[in-house]
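# A closer look at the structure
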Amino acid sequence: LRISEGCNNCCTYCAIPLIRGSFRSRPLEEIEIEATELEKNGVKEIVVISQDTTRYGTDIKDKNINICDLLKMLLSHKGFLYIRLLYLYPDEISDDLLYLIGSEPRLTPYFDIPIQNFLLYSRRKPNHGGSGLGNHKGASTPLWRILIMKKFMKNILNTRQRREAEVQANTAKA
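The following paragraphs examine the structure supplied in this document.

## Things to note about the packing of helix α3 (residues 67-75) against helix α4 (residues 95-103)
Two measures define how a pair of helices packs: the angle their axes make with one another and the distance between the axes. Put simply, α3 and α4 touch, their axes get as near as 9 Å, and they point 20° apart. Judged by the angle between their axes, α3 and α4 are roughly parallel. You can see that α3 and α4 cross each other, and the crossing is left-handed. Residue-level contacts link Ile67, Cys68, Leu71, Lys72 and Leu75 of α3 to Asp96, Leu97 and Leu100 of α4.

## As for the pairing of strand β4 (residues 82-85)
Residue alternation in β4 divides its side chains into a buried set, Ile83 and Leu85, and an unburied set, Tyr82 and Arg84. Across four bridges, strand β3 (residues 45-48) lies against β4 in parallel orientation. Considered in β4, the bridge of valine 48 is made with leucine 85. The β-α-β motif built from β3, the intervening α3 and the parallel element β4 has right-handed crossover chirality.

## Considering unusual backbone geometry
For tyrosine 87, which is not glycine, the phi dihedral falls at a positive 65°. Here tyrosine 87 is to be found in the loop between β4 and α4. Taking the relative accessible area as the measure of exposure, tyrosine 87 reaches 33% and is therefore partly exposed.

## A look at the side chain of threonine 53
By the element assignment, threonine 53 lies in the loop between β3 and α3. Take threonine 53: its relative accessible area is 0%, and that puts it in the buried class. Each residue touching threonine 53, except ones within four places of it in the same chain, is listed here: Ile3, Val48, Ile67, Leu85, Leu86, Tyr87 and Leu88.

## A word on the pattern of salt bridges
All chains considered together, the criterion is met by eight salt bridges. The salt bridge partner of glutamate 30 is arginine 26, with a shortest N-O separation of 2.8 Å. Judged by its relative accessible area of 39%, glutamate 30 is partly exposed. Between arginine 26 and glutamate 34 there is a salt bridge whose closest N-O contact spans 2.8 Å. When salt bridges with common partners are traced through the structure, they connect Arg2, Glu5 and Arg20 into a single cluster.

## What to know about α4
Listing the buried residues of α4 in full gives Leu97, Leu98, Leu100 and Ile101. Taken down its axis, α4 places every buried residue within 165° of arc, on the same side. For α4, the exposed residues set more than 90 degrees away from the buried face come down to Asp96 and Tyr99.

About the cut-offs
Residues numbered from 1 in each chain as written. Predicted model: local features only at pLDDT ≥ 70, side-chain atom pairs only at ≥ 80, totals over all residues. Heavy atoms only, no water. Axes fitted to C-alpha atoms, helices over the stretch in contact; angles between N-to-C directions. Helix = DSSP H or I, 4+ residues; strand = E, 2+ residues; numbered from the N terminus. Parallel < 35°, antiparallel > 145°, perpendicular 65-115°, else oblique. Left-handed = near helix turned anticlockwise from the far one by under 90°. Contact = heavy atoms within 4.5 Å. Buried < 20%, exposed > 50% of the residue type's maximum accessible area, 1.4 Å probe, protein only. Pairing = 2+ DSSP bridges. Right-handed = clockwise from strand over helix to strand, strands pointing away. Salt bridge = Lys/Arg side-chain N within 4 Å of Asp/Glu carboxyl O. Arc of directions from axis to C-beta.

By themselves, these figures tell us nothing about what the structure is for.
Written as structure tokens, this is what we have:
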């Protein structure tokens with residue numbers, strides 16, 4: 001389910017902004033229509049995709065929406081058993097997004113972060129995108145935040161495994 005097109009991160013190693021243009025979110029209403037159609041057709045897993053998925057909604061001036069709002073809309077579709085996010089930039093993964101993923105079992109605890117971004121952000125290297133002035137705002141993402149995100153995701157997985165074991169044990173008793 002494509003939610004936007006283009007990218008504003010003018011990273012020196014990437015041509016997407018030149019090829020796809022500036023970042024443009026699809027209207028939430030348009031995405032909901034497509035999601036409804038996919039659900040009617042029996043789709044069980046939605047893969048949310050964009051060149052910069054976590055930036056969703058930031059370019060829509062008249063509405064205050066973000067990736068969490070989009071995910072909550074998708075979660076209202078009960079036919080989707082799994083919702084997966086692809087192409088997340090570490091500097092745009094908010095606490096709200098982490099908590100939403102942690103609290104919703106249908107949101108897969110999977111962060112698809114392009115490896116070059118993870119390495120660049122954690123090492124704070126310059127000249128990799130953002131404003132086009134030589135520094136990506138993600139370059140300020142401290143390594144400790146990335147490590148906390150990793151620990152948080154591990155806790156989510158452990159909690160989900162315990163829940164699944166409890167459900168299986170209760171099913172076996174019944």
